[in-house]
Amino acid sequence: MPQFCPFCTKQHDFSRFPFSCPETGREVPMTFIREYRSTPPLWLVSVGFSGHGKTVYQSALTLMLEQISAVWEGVYNRYLDPETNRIVREWRHQALTGEQPRPNPAQQLPPPILMSVYNIPTYGSRCVVMYDISGEVFESLDLVNSDPNFIAVLRHVDTVWFLISLKDLLSFDNQQGGMHTMQDLFNAYMTGMEQLGARMQGRNLIVVYTKADAVFFPPEVRAYLAEDELRDLTNPASELILPTAWDMNAYVARMEHISELLLQYTRKNIRGGAAFINIARSHGMNLKFCVTSALGRSPDGETHVMREAATRYRVLDPFIWALHLQREKPTGSYALVLDAGQGADPAYQHNLPRKLFELIHEHGDVTTYFMGEAKPTSLAGQQPPERPPRTARPRLIGPIVDRLAPDTTVVILASGRTRDLADFRQSARRHKLLLVVFDEDDTTEWEHKFIYRTPEDVETLIEVILALNTGRAE
């Protein structure tokens, strides 16, 4: 069964043990493969400028999740590979000694944290796959010329944490003598996505204001931060007074209210904040805000060591936002059926199959077929062919459609008449069949039909495909 690899973010068929990534050679944990469906990956990536607390936050979140079973009944976690085990042991030691986690090197993307968390209230079990991109990559504002692995991760992961310390943002001078802004960070991210031709619409962008104890936020936000009942969960010297019950829906509702307050605060008070909000929304991103303090106070200015054990405020909020937003995101299974008959070339113009695959792939599994062949020409996650086969096939979709799951959305690129399309006119499947034609004078009568004329039509075509998948097509 094809599954996405946590190390290269590409899809592979891990059918033989040991499960090794063909791109990196790293061994993919057996638990990750076997529990891929029952404990699906929660893909997360942290981006932000140097010194804004990305690595410290990831450390705090991991240590909080180790202890959260004291509050969330039935919850437990498991680290899936030796590298994650090593890093977490180091974080535990640093938490005891007051040392701070070391930032990641700028030259390469470190392996992700792989941690399964089971029986989360409301959201079930998830395998957290958490990447941390060095802040120096974004400080240079030159993501295009950085390690291609950085961009590959940004392309695959649909939930991005923008970790921003407003205290550091306002005081940081770059080499040119100016200040970085929130808009700068987004522009660096957007440039990398544009280089790949990856859409930002529908992705989750969670702004995490780190070191929030040092910022003068509105009174209601400051009160929310200070009232966190879980702030001492990782502090062994503290007497814990934990909530007796946890209502996840009520908690998310309050997070939503705080997010709206922070959005208005950002728009009115943060340099570049209004532009950041406007551009993120114009690209159709799901934008949320939250505040955290991974340590509760600043370390010693000279030794960078905590004088007291850390008090962690609202560290779970970005994690819960990721769970909540990914649960709401529609997913699906798609079949891309390519013309293989005489005169099929129009269906391959402007590299259309490849573009459709890349855009649909962000919303679900895409398997490619040639008309008239029941066997896929490209498995889910693999790129489709760029041209028709040398030997023409009959324009038939029955051998393909009859073997697909009923909820599969079928996109048919047809440069000529599809012989058996009418056979599905009375079928329940007709609501999931989209016919794409390339001739203005095509007379085929079909409920869901799209006439492709120019490369600019791809954006509209994708919207039609996604609407068909979710049942919103007219």
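Whatever comes next refers back to the structure up there.
What this report covers is the structure whose coordinates are included nearby. (Residues numbered from 1 in each chain as written. Predicted model: local features only at pLDDT ≥ 70, side-chain atom pairs only at ≥ 80, totals over all residues. Heavy atoms only, no water.)

Moving on to the overall build of the chain. Counting its regular elements, the chain contains 14 helices and 14 strands. Counting every position in the chain, which comprises 474 residues, the buried fraction comes to 54%. Partitioning the contacts of the chain with sequence separation of at least 6, the portion at a separation of at least 24 is 69%. Carbon and sulfur atoms provide 47% of the accessible area of the chain, an area that totals close to 21,100 Å². (Helix = DSSP H or I, 4+ residues; strand = E, 2+ residues; numbered from the N terminus. Buried < 20%, exposed > 50% of the residue type's maximum accessible area, 1.4 Å probe, protein only. Contact = heavy atoms within 4.5 Å. Areas by Shrake-Rupley, 256 points an atom, 1.4 Å probe, with all protein chains shown as cover.)

Glancing now at the pattern of salt bridges. Scanning the entire structure with this criterion turns up twelve salt bridges. A salt bridge links arginine 92 to glutamate 66, with the shortest nitrogen-to-oxygen separation between them at 2.6 Å. In this pair, arginine 92 sits in helix H3 (residues 82–97) while glutamate 66 sits in helix H2 (residues 54–67), placing the two residues 26 residues apart along the sequence. Residue classification places arginine 92 among the partly exposed positions, given a relative accessible area of 35%. Of the charged contacts in the structure, one is a salt bridge between glutamate 90 and arginine 86, with a shortest N-O distance of 3.4 Å. Placement of both glutamate 90 and arginine 86 in helix H3 is noted, with a separation of four residues, approximately one turn of the helix. Judged by relative accessible area, which is 37%, arginine 86 ranks as partly exposed. (Salt bridge = Lys/Arg side-chain N within 4 Å of Asp/Glu carboxyl O.)

Let us look at the sheet that holds strand E9 (residues 286–291). In any sheet, the strands associate via hydrogen bonds between backbone groups, in a parallel or an antiparallel arrangement. Read across the open sheet, the seven strands follow the order E4-E5-E6-E3-E7-E8-E9; overall the sheet is mixed. The outermost strands of the open sheet, each flanked by one partner alone, are strand E4 (76–79) and E9. On average, each strand axis in the sheet is tilted by 25° relative to the strand beside it, whichever way the strands run. Looking at chain direction, strand E3 (residues 41–47) and strand E6 (residues 124–132) are connected through six bridges and run parallel. The residue of E6 that forms the bridge with leucine 42 is valine 128. The strands that helix H10 (residues 273–282) touches are strand E7 (159–164), strand E8 (204–209) and E9; relative to E9, the one it contacts most, it runs at about 140°. (Pairing = 2+ DSSP bridges. Axes fitted to C-alpha atoms, helices over the stretch in contact; angles between N-to-C directions.)

This brings us to the side chain of threonine 266. Within the secondary structure layout, threonine 266 lies in helix H9 (residues 248–269). The class for threonine 266 is buried, based on a relative accessible area of 0%. Of note is the side chain of threonine 266, whose polar atom sits 2.6 Å from the side chain of tyrosine 209. A polar side-chain atom of threonine 266 sits 2.7 Å from the main-chain carbonyl oxygen of leucine 262. Sequence-distant contacts of threonine 266, defined by excluding residues within four places in its chain, comprise Met182, Tyr209, Gly273, Ala274, Ile277 and Phe289. (Polar contact = N/O pair within 3.5 Å; in protein donor to acceptor, adjacent residues only side chain to side chain.)

The subject of this paragraph is the environment of tyrosine 189. The topology assignment puts tyrosine 189 in helix H7 (residues 182–196). Once the C-alpha coordinates of tyrosine 189 and leucine 154 are considered, the two residues, 35 residues apart in sequence, prove to be 8.1 Å apart.

Scanning the model with the defined rule gives 15 aromatic pairs in all. Between tyrosine 57 and tryptophan 161 the ring centres are 5.5 Å apart and the planes differ by 90°, which places this aromatic pair in the edge-to-face class. Here tyrosine 57, found in helix H2, pairs with tryptophan 161, found in strand E7; they are 104 residues apart in sequence, far enough to count as distant. Looking at tyrosine 57, the relative accessible area reads 1%, which means it is buried. Ring plane angle 55° and centroid distance 6.3 Å describe the contact between phenylalanine 162 and phenylalanine 186, whose orientation is recorded as tilted. A residue pair is termed long-range when its members are at least 10 positions apart, and phenylalanine 162 in strand E7 and phenylalanine 186 in helix H7 qualify at 24 residues. The residues phenylalanine 162 and phenylalanine 186 share a single accessibility class, namely buried. Through a chain of ring-to-ring contacts, three or more aromatic side chains come together here, namely Phe162, Phe186, Tyr189 and Phe276. Over the aromatic face of phenylalanine 216 sits the side chain of arginine 222, whose NZ or CZ is 4.3 Å from the ring centroid. If you follow arginine 314 out to its NZ or CZ, it ends over the ring of tyrosine 224, 3.7 Å from the centre. (Phe/Tyr/Trp six-rings, centres within 6.5 Å; stacked < 30°, edge-to-face > 60°. Lys NZ or Arg CZ within 6 Å of the ring centre and 35° of its normal.)

Within helix H8 (residues 219–226) the residues assigned to the buried category are Val221, Tyr224 and Leu225. Down the axis, H8 shows its buried residues gathered within 100° of arc, on one side only. (Arc of directions from axis to C-beta.)

A word on the sheet that holds strand E13 (residues 433–437). Pairing within the open sheet is parallel, and its five strands lie in the order E11-E10-E12-E13-E14. Here the strands that pair on one side only, and so sit at the sheet edges, are strand E11 (364–370) and strand E14 (449–451). Going from strand to strand, the sheet's axes swing by 20° on average, the running direction of each strand aside. When strand E10 (residues 332–338) meets E11, the two strands line up parallel, connected through seven bridges. Looking across to E11, one finds that serine 333 is bridged to aspartate 365. Contacting E10, E11 and strand E12 (409–414), helix H12 (residues 352–360) crosses the sheet at an angle of about 180° to E10. Across the sheet, helix H14 (residues 457–470) is in contact with E10, E12, E13 and E14; its angle to E13 comes to roughly 165°.

This paragraph deals with the pairing of E12. Most of E12 sits inside the fold, with six of its six residues counted as buried. Of the two faces of E12, the one lined by Thr409, Val411 and Leu413 and the one lined by Val410, Ile412 and Ala414 are each fully buried. Pairing geometry for E10 and E12, over five bridges, is parallel. Residue valine 337 lies in a different strand from E12, and its bridge partner there is isoleucine 412. One ladder, built from five bridges, connects E12 with E13; its direction is parallel. Bridge assignment links leucine 413 to a residue of E13, and that residue is valine 436.

Honestly, it's all geometry; don't read function into it.
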